[in-house]
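Each chain, written out:
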Amino acid sequence: MNSILKRIIKFFAYVAGGIVILLAIAVGLFRLFLPRLPEYQEDIKGWASAAIGMSVEFSGMDARWGLSGPEVEFYDAELIATDTMARIIAADQVSVGVALSNLLFDRQAVVDRVIVRDTTIEVRQLADGSWAVQGSPVDQLIPARDPAPEGEEGGGLGPIEVRLQDIELQLLQPGDERPKTFEIPLAVISRDEVRMAIDAEINLPESLGESLTVSATQMLEGPADQRTWNIQADLEDVLLAGVSAMHTVEEARFQSGRGDIDVSLQIVGTRVQSAAAEIDIRNISIATLTELALSGRLEFLGDEDGWLVAANEFQATTPAGEWPLTTMRVETGTNNEGEVESLDVQASYINFADAAVAIPWLTEEQRGMLAEFDPSGVVRDLAVTLSDLDTDTPQFSVSAEFVDIGVAAFGNRPGVRGFSGRVRADRSSGRLEIESDKLVVTAPLILGQPLRFDTTAGTVIWRRSNDRTTVLSDSIVLGNAFFDSQTGVEVSIIDGNPKPFIDLESVFSISDLSM
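Residues numbered from 1 in each chain as written. Predicted model: local features only at pLDDT ≥ 70, side-chain atom pairs only at ≥ 80, totals over all residues. Heavy atoms only, no water.

## Structural notes on the nonpolar core
- In this structure, Ile89, Val94, Val114, Val116, Leu164, Phe182 and Ile202 are the most contacted members of the largest nonpolar core, which totals 42 residues.
- For this core, the secondary-structure elements that each account for two or more residues are strand E3 (69-80), strand E4 (87-98), strand E5 (111-125), strand E8 (160-172), strand E9 (180-191), strand E10 (195-203), strand E11 (211-219) and strand E12 (228-239).
- Here the element with the most residues in this core is E8; it accounts for 6 residues.
- Leave out the neighbours within four places in its chain, and Leu164 touches Ile89, Val116, Ile121, Pro185, Leu186, Ala187 and Ile189.
- Val379, Leu432, Phe453 and Phe483 belong to the second largest nonpolar core, which has 15 residues in total. (Core = buried A, V, L, I, M, F, W, Y, C linked by side-chain atoms within 4.5 Å. Buried < 20%, exposed > 50% of the residue type's maximum accessible area, 1.4 Å probe, protein only. Helix = DSSP H or I, 4+ residues; strand = E, 2+ residues; numbered from the N terminus. Contact = heavy atoms within 4.5 Å.)

## Remarks on the pairing of strand E27 (residues 468-479)
- When strand E26 (residues 455-465) meets E27, the two strands line up antiparallel, connected through 9 bridges. Residue pairing in the sheet places Arg464 in a bridge with Thr469 of E27.
- With antiparallel pairing between neighbouring strands as the criterion, E26 and E27 make up a hairpin whose turn holds 2 residues, including Asn466 at a positive phi of roughly 55°. (Pairing = 2+ DSSP bridges.)

## Let's talk about the pattern of salt bridges
- Summed over the entire model, instances satisfying the criterion amount to 16 salt bridges.
- Two residues, Glu122 and Arg124, come together in a salt bridge whose shortest N-O distance is 3.5 Å.
- The exposure class of Glu122 is partly exposed, given its relative accessible area of 27%.
- A relative accessible area of 35% means that Arg124 is categorised as partly exposed.
- Notably, a salt bridge pairs Glu372 with Arg413, separated by 3.2 Å at the nearest N-O pair. (Salt bridge = Lys/Arg side-chain N within 4 Å of Asp/Glu carboxyl O.)

## Digging into a negative patch on the surface
- There is a patch of like negative charges on the surface, built from Asp76, Asp92, Asp118 and Asp166.
- On the secondary structure map, Asp166 appears in strand E8.
- Exposure remark for Asp166: the relative accessible area of 51% places this residue in the exposed category. (Patch = residues over 30% accessible without salt bridge, like charges linked within 9 Å, V, L, I, M, F, W, Y side chains within 5 Å. Areas by Shrake-Rupley, 256 points an atom, 1.4 Å probe, with all protein chains shown as cover. Lys, Arg positive; Asp, Glu negative; His and termini not counted. Charge placed at Lys NZ, Arg CZ, Asp CG, Glu CD.)

## Describing the side chain of Thr456
- With respect to the secondary-structure elements, Thr456 resides in strand E26.
- Setting aside chain neighbours within four positions, we find Thr456 in contact with Ile434, Glu435, Ser436, Leu439, Val477 and Leu478.

In structure tokens:
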């Protein structure tokens, strides 16, 4: 046993010794080569251009042995895309690292890292919404790298990493007269045969907030327009006024608001397939609304089968009050022609008094409708499902609890406030339970003043069978200080018959006719 152990130790000792000898030889050759570096400047320029995948131009150069292996430093350097001739990088100093393993074992000078320090990069949003870096599309920032031909020495192409340190990024959008300046202490862009990754730490301009951390990954499989970007972005102490101003096509503008936003995106081609955001924003002001606050998790999912929008643990502070922790969900399903065939809506809490928050994003027509109805009240545990919408016989089901629901009177339409109760219905039947203690009915064309009820209670049931729809209630109670009534009703409606059958029985009393 001891003999075998000694042999293993001796084997690893020989291997370690061989590696040390190879390193010593490499270092010796590197030192021997260093004094003659200027003589090979043009050759090195050609080698660096082929190894990086971009044309390299520089005024001077030097070499050193770094912790990761040999490095060549270029001064007053430019990296130029060979296909578009666009200048990708222009910096006072660019370091190019050579993969030590390839240099020792394959005798190939393979560039595996490029370090750029103290430079300025321009990022521009084009009129069509796409982005360009230094004048080139973002997906061409690092060119594809193919393996070197078999048997060819030098110039081998493999994985590469680009490190940007202490970079100034200038962002230009359509209509900008001056760029917005972002400071990037560190950004790492890497690419190999399988994936491309970007990681960056960004200090935001004062008008936008404190900092942004970005991590993005793309698998390089399939056609370029079908590849997926997975992006994670964390915004700290973001200022909504500055971010809102960056959305040039958005008319609504935030006057204030600050907080943290964490965003995850999955982008296929140019389409956002899924998104999620954790938000915690306070002191929001927009249009005439102030002191708003929002927190919770928002999600989006979209594909060829439909889309989903959801909010979880959502909480809002508005002029109407503070929402409890709320869950919302809206989901659609589409058929093969892209038409919506189903809709599912769920919400644990909705306060219609907060509908005014949406005004900045509504059209003039929509704002007019909102002012006309002026909704109020709260809906709890809402669940609405619509299906077969692309057929002649759509199906539906709905259930909800109403608390002081109301709409304003308008024209010939009466208004109601303070309606409370519960509803559960589908295409074949339904049940409405009424339980209100402050119901107000307004009908200016009929009633001289609003009609108030201290008690409104009852149950209305309806069902459909064959060609007949029946609505009935054993007792609907209405009461206030001067009026009490109890009504039972049954209504039968037959398809094609314009005259329904109505059976009504009511008992009422009035204590003061002057009212």
